[in-house]
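A structural walkthrough
Each chain is listed here by its residues.
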Amino acid sequence: MHHALRSSLFLLALIGGQAVASTSHSLGIERKQYGESIAYDMNAAGQVAAVIKEKDGTPHAVFFEKGKLVKLELPGETESEAKRINDKGEIVGSSKKGEIWRAFIRTRDHGTHDLGTLGGPNSYGAALNQTGQAAGFSDTPERDWHAFLYTPGEPLKDLGTLGGRVSYASGINNQGQVVGSSMITDGTRRAFLYDAASGMRDLGTLGGRTSSATAINDHGIVVGASEMKDRRWHAFMHDGKQMIDLGAKIGFGDSFATGINNEGHVVGVVDTADLRLSFIWRDNKMTLHAAGKSLYLTNAINDGGQVIGASYDRGLYAATMPSNAIPFVDMGGNKILGFNVVMLLLALTIAIFRKRLKGLFFESKLFFRT
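Here we summarise the structure given alongside this text.

Calculation notes
- Residues numbered from 1 in each chain as written.
- Predicted model: local features only at pLDDT ≥ 70, side-chain atom pairs only at ≥ 80, totals over all residues.
- Heavy atoms only, no water.
- Pairing = 2+ DSSP bridges.
- Helix = DSSP H or I, 4+ residues; strand = E, 2+ residues; numbered from the N terminus.
- Axes fitted to C-alpha atoms, helices over the stretch in contact; angles between N-to-C directions.
- Salt bridge = Lys/Arg side-chain N within 4 Å of Asp/Glu carboxyl O.
- Buried < 20%, exposed > 50% of the residue type's maximum accessible area, 1.4 Å probe, protein only.
- Contact = heavy atoms within 4.5 Å.
- Polar contact = N/O pair within 3.5 Å; in protein donor to acceptor, adjacent residues only side chain to side chain.

In space, the four strands of this open sheet follow the order β2-β3-β4-β5, with antiparallel pairing throughout. Unpaired on one side and paired on the other, β2 (37–42) and β5 (68–71) mark the two borders of the sheet. On average, adjacent strands in this sheet sit at an angle of 30° to one another, irrespective of strand direction. Note: strand β4 (residues 59–65) against β5, four bridges, orientation antiparallel. Pairing of Phe64 across the sheet is with Leu69, part of β5.

What follows deals with the sheet that holds strand β28 (residues 316–322). By way of backbone hydrogen bonds, the strands of a sheet pair with one another, either parallel or antiparallel. Taken together, four strands build an open sheet; the order of strands is β1-β28-β27-β26 and the sheet is antiparallel. The open sheet is flanked by β1 (25–26) and β26 (297–301), the only strands paired with a single partner.

Further remarks concern the pattern of salt bridges. On inspection of all chains with the given rule, the structure shows 14 salt bridges. Ionic pairing is found between Glu54 and Lys71, a salt bridge with its closest N-O pair at 2.9 Å. One end of the pair, Glu54, is in the loop between β3 (48–53) and β4; the other, Lys71, is in strand β5, with 17 residues separating them in the sequence. Residue classification places Glu54 among the buried positions, given a relative accessible area of 18%. As a salt-bridge pair, Asp230 and Arg232 come within 4.0 Å of each other at their nearest N and O atoms. Through salt bridges with shared partners, one network takes in Glu79, Lys96 and Glu99.

Right, let's get into the environment of His60. Assignment of secondary structure puts His60 in strand β4. Along the sequence, His60 and Leu72 sit 12 residues apart, while their C-alpha atoms lie 7.4 Å from each other. Here His60 is in contact with Ala50, Val51, Ile52, Glu54, Glu73, Glu77, Thr78, Glu79 and Ser80, once residues within four sequence places are set aside. Side chain to side chain, His60 and Glu77 meet in a polar contact 3.0 Å long.

By themselves, these are just geometric observations and shouldn't be taken as functional.
Dropping the structure here:
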């Protein structure tokens, strides 16, 4: 029997044996007024960094708090995105004018600050910590793409690569450690961890050629996804010494870890040919949540245990879900199955560089295989 069909029948059997609870909560960004929406991050005060899709299809960065939405528009911009928010309410994102994208940090006191570039025309803001340090990626004078670290009052720091021409940063913690993906000398991409003392370090793979890191917590625990020997993909957690296979705890579909908080709770998504689920790994237990009842996209998890992303009902809408929500499937802490994954970050960055950002934020087929 085909693997996807076996997976679907397995899931349908589980559905039949368990009550499926509605677990996500809409943030209340009105679709009739603002169109589709995706929440990317939420701080301890409940302030949200999000993206809305205008009625004409244009995505814009927004700040959302207690039912009030503020568009973070810059003069002359055509589209924008907001990716992370810290407890000060500072937001990192990117804004497009013409064909040029520039990374920015927006603060209430000082407005929007252009982070500049590494010598080329474009830059993208991807991550932000509590001290105002940011990480992202920019093109260089040679038109390569390099991960950067921004520290307030200083120019962008080029984090280099693992030997290839390209690197992308996707996460940063409060110690200034940065994670992302970088080409190695043979052109394949590897998850990396950067810190000031050791520079950029290759985190390896789970046996395949390629891996990518998406987030890191203050304890230095990194999450992302890795290719396996058979070209399948597994979500991983790296504890500083070894890459731990989270994918082996589910065993079907495509999975990718997208966020981790300081409690070590990991979130991500699972795709099969027929079904979308989100997953949460916490307290040595893996739980799965049906996309129709929970989050279709998981972009972050904060220290309050709120998973931030978007649900889907004839369109995406910004929503959150508690990490202890009633599960669709409870895999337990030790059940081992085989797993398959798609790499969200690389699909995102490839789409950016092909100038398809408008579709990227709102067309799920650009995020995952169907």
